[in-house]
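The residues making up each chain are set out below.
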Amino acid sequence: GDNVKCRWASSGLGECNEVCQALPGSFLNERKCELLYNSRGQRTGYYAVAIQIEDFASSTDTVPLSSIPLQFLVNVLNVGSCGQEPWIVDSTLPNGAVRIIALNSNLTVDFNYQIIAEASPGSSITAILTTITPFGIQLHKSSLTRGDDNQWSVRISWTPSESDIGSHMLCYYAMDSNGLTSNQSCVTLVVQRDVDECTLLLDDCTQVCINTIGSYECGCREGYKLHSDGRTCVGVLLHFETSQRTVKEDSVYFIVYLVPTLGHGKVLNNLTVNLLYLDNTAELGIDYQPVDYVAHFTANTTKSSPIRINIIDDNGWEESETFIISFTIPDGVDALKGEPEEAIITILDNDEIVVHFPTDQVNIEPGVSLHALHLVTKQSILTPYNLTLSCIVTDGISDEWNNCNAGIEHNVTFLKHATTSSEAIVYIPPVKCLTCVIWPPKLRGVKLGFPTIIHLHVPIYGPTFINFDHQHYYGKEGESVVIGLHASQPILRKFRVAVSVLKFNGTDTHSRAEALSGADYELPSNVSGGSVRFDPSLGLNSTYLELFLNDDGVIESTEYFVLTITIDNYLQSLRILPGPHDETIVAIEDNNSLLLSFQYARYIVNEYDQRLTVRLEVLQVDSVYRRYYVSAMHSIQITVTIRTREDSAKNGTEFIEKTERVRFDLPWRSILY
């Protein structure tokens, strides 16, 4: 083609008047017809640009074949820091796309085109402008509309006519509230006469051809259906009579059929289809056996040849089982699959199973807390299943019995080919009798035999005694002491016993002091309402309480208090009684030190004095009179100043002082009052 170049318009040729090269900071690439511009440092405002577009017969020619002026304005804005410019979103035709508009004498064709632009956060689209439109053609552009996600759009519409046949250019860009513009995007609109493909492709559609704008579609007459190839019409659909079929296990065999629809409701030619059998819960060769693997249709028939499937009776109880029959149509057969294209066959079992306890009475040995129950049957089991046992206490004991409340349920399972179920472990309460019942089954063919109730006879236990682990417990102030309680035999229920504090009346030679609750010790958190709990679910027949011994910071002798076990009348009626060690003594040892001091640091005596009295003081004193025991002291020393008198003729009577250290030995252990 021609060589196209661009140049600045020349004032000498009268092409630009006063706007020749009036855009400072710009550069024109003449071979590419590309204008580069940098507005940095330029003043804001409008600048006129005048360019001549010329084509040459060859790259060496200097005289153009034609010269076309291109003039436009550049608006330089001051927008501060440059943000992200707006953009044309992808749902709009991409830049450089070609849109075909086919005219048809029988159809009215409209060009309806939506341009969508999106602004960066904090800004908005203020205009979507067209820069190049089809020459001599009036386009209709809607007002700017805001959509979702900071997007705006306009819609351009046009109804072309015969005179518009040819190629047309449509270019546009978007401007945001900061004055920034998007890249320009252009699409080519090609208006051409539509071709009626149905007049050219007479053999492409087997029955009906439908012309569309720029293309065509195939259709079928009533009674036919379009094949997946989009062009062939099929006059018959093959399918099963029903999608579900139920048969009994002792039916020996059953028959199903394939039938045609569409057209005249019958096949027009002989044809054969292949049958498929798919296992579900039923198994081929074990539960059913097909006789036919193909189905035949003869011309003008409304039903296939019989499809026979034999049913196998396995003489064992099982739940209902299913399998699926489907079919395939060989290539070249003028038929399609209809609905239903497969049939689900359900086989109902004709066998029964009778379940029951192996006996109706069981005597429980003394001391046994657990017993295993199971069910039995004589029939063959082919499908695993579950049953439920419900156990109740029969003599009205309180519902606090652990895991033996009225209606406690236990599940047992019969596995395949098993005649005995899995075990249900039940807790045996200390009562006269526990009764377990088989819950009525909800499975078809499962019946209850005899016995359905079993009585577990429980011997009455001897009394259970509750004791403290030890008769004496010792602890120091600031520490804790753990008090243990235990039952004389395994416990089978949850219960509480009261632990209370008795006033201590000591009779020994030291008149033991009484410890006070709250001041000297505190009850633990696991004591509720003055009681502790025994719980067989913990696997132990004991419990404990932990006492914290308070440190009062006072020098005192060891203090004591007594704990006792109290059991209410209801538990005693169940033969839960206080044992021989239902009391324990808790001793709290003091952990403070005794501090002693002399009354004076220095004593002065006269030589003629016959006696010196030295006093020791207790620095830490209790508000209550106590005896204090002092140990770890062999002797004490004090400094003594002795004054002697001398007579002098010169000076008269004088007193002379002499300082000495004196040691006083004390016993290894002294009692101070």
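Refer to the structure presented above.
Residues numbered from 1 in each chain as written. Predicted model: local features only at pLDDT ≥ 70, side-chain atom pairs only at ≥ 80, totals over all residues. Heavy atoms only, no water.

Draft legend 1. Quick peek at the side chain of His168. Residue placement: His168 occurs in strand β13 (residues 166-176). Reaching out from His168, the side chain makes a polar contact with the backbone oxygen of Asp164 at a distance of 2.7 Å. The contact partners of His168, leaving out residues within four places of it in the chain, are Pro134, Ile137, Trp158, Val187, Thr188, Leu189 and Val191. (Helix = DSSP H or I, 4+ residues; strand = E, 2+ residues; numbered from the N terminus. Polar contact = N/O pair within 3.5 Å; in protein donor to acceptor, adjacent residues only side chain to side chain. Contact = heavy atoms within 4.5 Å.)

Draft legend 2. Representation of the pairing of strand β15 (residues 208-212) within the structure. As paired strands, β15 and strand β16 (residues 215-219) are joined by five bridges and run antiparallel to one another. Within β16, the position partnered with Thr212 by the bridge is Ser215. Between β15 and β16, which pair antiparallel in sequence order, lie two residues; one of them, Gly214, sits at a positive phi of approximately 80°. (Pairing = 2+ DSSP bridges.)

Draft legend 3. Looking closely at the environment of Asn95. Tracing the backbone through its elements, the reader meets Asn95 in the loop between β6 (87-88) and β7 (98-103). Each C-alpha atom of the pair Asn95 and Val187 lies 6.0 Å from the other, and the pair is 92 residues apart in sequence. Apart from residues no more than four positions distant in its own chain, Asn95 is found in contact with Gln184, Ser185 and Cys186. For Asn95, the side chain forms a polar contact with the main-chain nitrogen of Cys186, separated by 2.7 Å.

Draft legend 4. Region of interest: the sheet that holds strand β21 (residues 253-256). Here three strands make up an open sheet; going across it, the order is β21-β26-β24 and the pairing antiparallel. In this open sheet, the two strands that pair with only one neighbour each are β21 and β24 (288-290). On average, each strand axis in the sheet is inclined to that of its neighbour by 25°, with strand direction left out of account. The pairing of β21 with strand β26 (residues 307-311) spans four bridges and is antiparallel. If you follow Phe254 over to β26, its bridge partner there is Ile309. (Axes fitted to C-alpha atoms, helices over the stretch in contact; angles between N-to-C directions.)

Draft legend 5. Looking closely at the sheet that holds strand β1 (residues 3-8). The three strands lie next to each other as β1-β4-β5, forming an open sheet whose pairing is antiparallel. Looking at which strands have only one partner, the edges of the open sheet turn out to be β1 and β5 (66-76). Strand-to-strand twist of the sheet, defined as the mean angle between neighbouring strand axes without regard to direction, takes the value 25°. Relative to strand β4 (residues 45-56), β1 is paired through six bridges, and the arrangement is antiparallel. For Lys5, the partnering residue across the bridge sits in β4 and is Glu54.

Draft legend 6. Structural detail: the pattern of salt bridges. Enumeration over the complete set of coordinates arrives at seven salt bridges. Taking the shortest distance from any N to any O, the salt bridge between Glu15 and Arg7 comes out at 2.9 Å. This pair shows no difference in class: Glu15 is buried, exactly as Arg7 is. A salt bridge links Arg533 to Asp535; the nearest nitrogen and oxygen atoms lie 3.6 Å apart. A residue is classified by how much of its surface remains accessible, and Arg533, at 41% relative accessible area, is partly exposed. Take Asp535: its relative accessible area is 8%, and that puts it in the buried class. Three or more residues are tied together by salt bridges with common partners; here these are Arg7, Glu15 and Glu54. (Salt bridge = Lys/Arg side-chain N within 4 Å of Asp/Glu carboxyl O. Buried < 20%, exposed > 50% of the residue type's maximum accessible area, 1.4 Å probe, protein only.)

Draft legend 7. Summary view of the environment of Pro330. Mapped onto the elements of the fold, Pro330 is located in the loop between β27 (321-328) and β28 (336-337). By relative accessible area, Pro330 is classed as partly exposed at 30%. In the structure, Pro330 is positioned 58 residues away from Thr272 in sequence and 7.9 Å away in space, judged by C-alpha atoms. If near-sequence neighbours (up to four positions away) are discounted, Pro330 is found in contact with Thr272, Val273 and Asn274.

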